[in-house]
Amino acid sequence: MKTLKTTSILTTALLIVMLLGAFPALAKDNAKISFNEAVYDFGQISLKKGKVSHEFTFTNTGEKNLVITDARADCGCTRPEYSDAPIAPGKTGTVKVTFAPAAKGHFTKKVTITTNGSPRKTRLLIKGEVVE
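Calculation criteria
Residues numbered from 1 in each chain as written. Predicted model: local features only at pLDDT ≥ 70, side-chain atom pairs only at ≥ 80, totals over all residues. Heavy atoms only, no water. Core = buried A, V, L, I, M, F, W, Y, C linked by side-chain atoms within 4.5 Å. Buried < 20%, exposed > 50% of the residue type's maximum accessible area, 1.4 Å probe, protein only. Helix = DSSP H or I, 4+ residues; strand = E, 2+ residues; numbered from the N terminus. Contact = heavy atoms within 4.5 Å. Disulfide = S-S within 2.5 Å. Phe/Tyr/Trp six-rings, centres within 6.5 Å; stacked < 30°, edge-to-face > 60°. Salt bridge = Lys/Arg side-chain N within 4 Å of Asp/Glu carboxyl O.

**Regarding the nonpolar core**
Link 1 in the chain: Phe 35, Phe 58, Val 95, Phe 107, Ile 113, Leu 124 and Ile 126 are the most contacted members of the largest nonpolar core, which totals 20 residues.
Link 2 in the chain: For this core, the secondary structure elements donating two or more residues are strand E1 (33-35), strand E2 (39-46), strand E3 (52-60), strand E4 (68-73), strand E6 (92-99), strand E7 (105-115) and strand E8 (121-131).
Link 3 in the chain: Each residue touching Val 95, except ones within four places of it in the same chain, is listed here: Phe 35, His 54, Glu 55, Phe 56, Phe 58, Ile 68, Pro 80, Glu 81, Tyr 82, Ile 113 and Leu 124.

Below is the structure:
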């Protein structure tokens, strides 16, 4: 009876150790988005000239295909564009962010990128100053 109890405890402990050891391996096998920059400063831009754009470049530094599933700006004056095609490990892609100035002054706008990888959400910022 004592041997059966000891065997059960050892088996359970071994299963726990194996499961705990598997989680880092699972995380390692995911897609991973790594942006070259997370903030872009347009500096001064002209209200009269209108829209300005910047492309944020990223690399899939993970081991599985990366897919951007969503990109949302915090206001209607900012529009992100991206491809929903999978990005293979080691390959690069871009997220183009266009800002349409409506008034003079300093601005900071956020774009949240959602992926199937790690991190699940990434925030990009554009900023600058709109002048005459």
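Picking up where we left off.
**Looking at the state of the cysteines**
Link 1 in the chain: Following the criterion strictly, the structure yields one disulfide and no others.
Link 2 in the chain: Disulfide pairing places Cys 75 opposite Cys 77 at an S-S distance of 2.5 Å. Negative torsions about the S-S bond denote left-handed disulfides, and the value of about -60 degrees found for Cys 75 with Cys 77 makes this one left-handed.
Link 3 in the chain: When its relative accessible area of 22% is taken as the criterion, Cys 75 is described as partly exposed.

**A word on the packing of aromatic side chains**
Link 1 in the chain: Within this structure, the stated rule accounts for three aromatic pairs.
Link 2 in the chain: Taking 4.9 Å as the distance between ring centres and 85 degrees as the angle between the ring planes, the aromatic pair formed by Tyr 40 and Phe 42 counts as edge-to-face.
Link 3 in the chain: A relative accessible area of 15% places Phe 42 in the buried class.

**Here we look at the pattern of salt bridges**
Link 1 in the chain: One pass over the structure, following the stated rule, counts three salt bridges.
Link 2 in the chain: Between Arg 72 and Asp 70 there is a salt bridge whose closest N-O contact spans 2.6 Å.
Link 3 in the chain: Judged by relative accessible area, which is 57%, Arg 72 ranks as exposed.
Link 4 in the chain: For Asp 70, a relative accessible area of 21% puts it in the partly exposed group.

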